[in-house]
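Spelled out, the chains give:
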Amino acid sequence: MALKMQTEFGEIDITNESIATVVGMATTQNYGVVGMASKHQIRDGIQEILKLENYTKGVLVSVDNDDRVVVDVYIIVNYGTKISEICRNVQSSVKYELSRQLGININVVNVYVQGVRVIED
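Rules and cut-offs
Each chain carries its own residue numbering, running from 1 in the written order of its sequence. At least 70 in pLDDT is required for a residue's local features to be given in this predicted model, at least 80 for side-chain atom pairs to be given and counted, and no such filter applies to totals for whole chains, interfaces and linings, which use all residues. Each side-chain value is worked out from all heavy atoms of the structure, with water and hydrogens disregarded. Stacked, edge-to-face and tilted labels apply to pairs of Phe, Tyr and Trp rings (six-membered ring for Trp) whose centres lie within 6.5 Å, assigned for plane angles under 30 degrees, over 60, and everything in between, in that order. Starting at the N terminus, helices and strands are each numbered in turn, a helix being any DSSP run of H or I of at least four residues and a strand any DSSP run of E of at least two. Buried residues are those whose accessible area, probed at 1.4 Å on protein chains only, stays under 20% of the maximum for their type, while exposed residues exceed 50% and partly exposed ones sit between those limits. Every helix has an expected span of 1.5 Å times one less than the residues it contains. In this analysis, two residues are considered to be in contact whenever any of their non-hydrogen atoms come within 4.5 Å of each other. Directions pointing from the helix axis toward each C-beta atom define the arc.

Caption draft 1: Geometry of the packing of aromatic side chains. Per the counting criterion, the structure on display carries 1 aromatic pair. Considering the side-chain rings of Y74 and Y112, the 5.0 Å spacing of their centres and the 15° angle between planes classify their relative orientation as stacked. Here Y74 is found in strand β6 (residues 69-78), whereas its partner Y112 is found in strand β7 (residues 108-117), with 38 residues between them in sequence. In this structure Y74 comes out as buried when scored by relative accessible area, which is 13%.

Shown next, in the form of structure tokens:
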């Protein structure tokens, strides 16, 4: 289901995949985020870090009848970082980037930490 926006020039349809791509890029730019994880761990492999072209598999976008957007983000974080702070930063950056790039005021960003990885220097 796409998000529909009415402007003075006509209607704009923004697909869930477009929203998920912006969310994935905004998420991975945060300190402490190692990568995106699949929302379907059993089917896609447990705690597999997704590559750039598969970021949308780590994001679930829901748009209800009132055009309220809910985003679920599945991430893997770096060992030794404060997980609650990483999640707050992800929520903030996702809301900001969706507003800046697509003009969407998002209601809810749920962050699910699927794993912790040790990153060697």
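Caption draft 2: Structural view of helix α1 (residues 16-28). The end-to-end C-alpha distance of α1 is 18 Å, a good match for the 18 Å that 13 residues give at a rise of 1.5 Å each. Listing the buried residues of α1 in full gives N16, I19, A20, V22, V23, G24, A26, T27 and T28. Those residues of α1 hidden inside the fold are in contact with β1 (3-7), β2 (10-14), β3 (33-37), β5 (59-63), β6 and α3 (83-102).

Caption draft 3: Here's a closer look at the side chain of T27. Along the chain, T27 turns up in helix α1. Classification of T27 by relative accessible area gives buried; the value is 0%. Among all residues touching T27, those that are not within four sequence positions of it are V33, M36, V73, I75, V90 and V94.

Caption draft 4: Here's a closer look at α3. When the terminal C-alpha atoms of α3 are compared, their 28 Å separation across 20 residues agrees well with the 28 Å that a helix rising 1.5 Å per residue should span. Burial in α3 covers these residues: I86, C87, V90, S93, V94, E97 and L98. What you see down the axis of α3 is that its buried residues fit within an arc of 135°, all on one side. A positive phi of about 70° marks G103, the residue just after α3.

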